[in-house]
Amino acid sequence: MKIYKMEEYADGDNSIHIFLENKTIEEPLHSHNFIEIVYTLQGKATHYIDGTEYSISRGDMLFMNYGCSHRFIGEGDLAFINICFSPEILGEKIIVQENAFALLAFNSFNEMRAEAEGGKITFYAKERDEIENILYSMLSENTEKSALYIPLLENYLNIIITKMLRKSKLGLGDEALNGVWKELSDYIDENLGADLKLSTLARKCFYNPSYFSRIFKEKFGTSPVEYISRRRVDYAVKLLRETALTIDDIAAKVGFSDRSSFYSAFAKYRNQTPSEFRKEKRK
């Protein structure tokens, strides 16, 4: 499967790439290391994003996270605009206090919450005209590259994302946000043995690590590193009780890089070593 990379398209320091495609094409299965927004100007197409099918026409906008699998088949006189940008730009330049939590809910590990069908948002009438005017302005700025065009593109992108958030009816309601945080904690629990570095989780949520760490601590009362370490120890306790796996095997299974770090974390949260805990439970 082909992987498209942002560095192949971005110019210099610009982390946003926007282009217009006005021909009917069929794009085979691919992935990319950037976030992609696709807006359909005319014609129809069928998109497949991580195996889910979306039928789109004029006014439809798709939001795709980096790393997802994507292919599409165009129909008729198809024309669409693509905005491609790196995940980091959201955490560094697009996210503001007013949309930070809503944006986390917006993607929530690649499951977009829209009013209609999954990952598709549809703009009608006046809203559609406004979106298209913004997109054409972005295309013009990207082509002409006049002074300060990069921050202008970033501001336009902020408006696009804000309009998508508004259209998808995402606000700062406790119910929506609690659902997002639960998905995040579930994701951590299901991937304790995998790469759960702060930078990895922050990237999945579109935040820079320092901002992500701050809002995580506000919600869970502890830093991401501490939270993950404690959950790994909790999982290790379960394995020590219920399995005959060796200490080293358990350390690796729950995500500790070596025996020393496992013993240190276990002693911190359980006030004893894994060996002492297992021996005590056997008695």
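Before reading further, recall that the structure is shown in the block above.
What counts, and at which threshold
Residues numbered from 1 in each chain as written. Predicted model: local features only at pLDDT ≥ 70, side-chain atom pairs only at ≥ 80, totals over all residues. Heavy atoms only, no water. Axes fitted to C-alpha atoms, helices over the stretch in contact; angles between N-to-C directions. Helix = DSSP H or I, 4+ residues; strand = E, 2+ residues; numbered from the N terminus. Parallel < 35°, antiparallel > 145°, perpendicular 65-115°, else oblique. Contact = heavy atoms within 4.5 Å. Nonpolar A, V, L, I, M, F, W, Y, C, P; charged D, E, K, R; others polar. 1 Å grid on protein atoms, 1.4 Å probe; cavity = no way out; pocket = protein on both sides within 12 Å on 5 of 7 lines; lining within 4 Å. Points joined across faces, edges and corners; volume = space filled by probe spheres on them. Core = buried A, V, L, I, M, F, W, Y, C linked by side-chain atoms within 4.5 Å. Buried < 20%, exposed > 50% of the residue type's maximum accessible area, 1.4 Å probe, protein only.

**A look at the packing of helix 10 (residues 259–270) against helix 11 (residues 274–282)**
Angle between the axes and distance between the axes: these two values describe a pair of packed helices.
Next up, step 1: One way to put it is that helix 10 packs onto helix 11 with a least axis distance of 9 Å and a crossing angle of 60°. Between helix 10 and helix 11, the angle is such that the two are oblique. Residues Phe-262, Tyr-263, Phe-266 and Arg-270 of helix 10 pack against Pro-274, Ser-275 and Phe-277 of helix 11.
Next up, step 2: By residue class, the composition of the contact of helix 10 with helix 11 is five nonpolar, one polar and one charged.

**A word on the layout of surface pockets**
To find leftover empty space, one rolls a probe the size of a water molecule over the atoms.
Next up, step 1: The computed volume of the largest pocket comes to approximately 260 Å³.
Next up, step 2: Taken together, 16 residues make up the lining of the largest pocket; nearest its centre are Tyr-4, Phe-19, Glu-27, Glu-36 and Asn-82.
Next up, step 3: Broken down by secondary-structure element, the contributors of at least two residues to the lining of the largest pocket are strand 2 (16–21), strand 3 (26–32) and strand 7 (70–85).
Next up, step 4: Ranked by residues supplied to the lining of the largest pocket, first place goes to strand 7 with five residues.
Next up, step 5: Here the lining of the largest pocket is composed, by residue class, of eight nonpolar, five polar and three charged.

**Some thoughts on the packing of helix 8 (residues 224–242) against helix 10**
Next up, step 1: Their axes nearest at 10 Å, the elements helix 8 and helix 10 cross at an angle of 90°. The angle between the axes of helix 8 and helix 10 places the two elements in the roughly perpendicular class. Of the residues in helix 10, those touching helix 8 at Glu-226, Ser-229, Arg-230, Val-233, Ala-236, Val-237, Leu-240 and Arg-241 are Phe-262, Ala-265, Phe-266, Lys-268, Tyr-269 and Arg-270.

**So, the nonpolar core**
Next up, step 1: Membership of the largest hydrophobic core comes to 28 residues, with the highest contact counts inside it found for Ile-37, Ile-83, Phe-85, Leu-135, Met-138 and Ile-160.
Next up, step 2: Of all the elements in the fold, those that place two or more residues in this core are strand 2, strand 4 (35–49), strand 6 (60–64), strand 7, helix 3 (125–144) and helix 4 (149–167).
Next up, step 3: Considering each element in turn, this core owes the most residues, eight residues, to helix 4.
Next up, step 4: Counting residues in hydrophobic clusters, the runner-up holds 15 residues, among them Ala-236, Val-237, Ile-247 and Phe-256.

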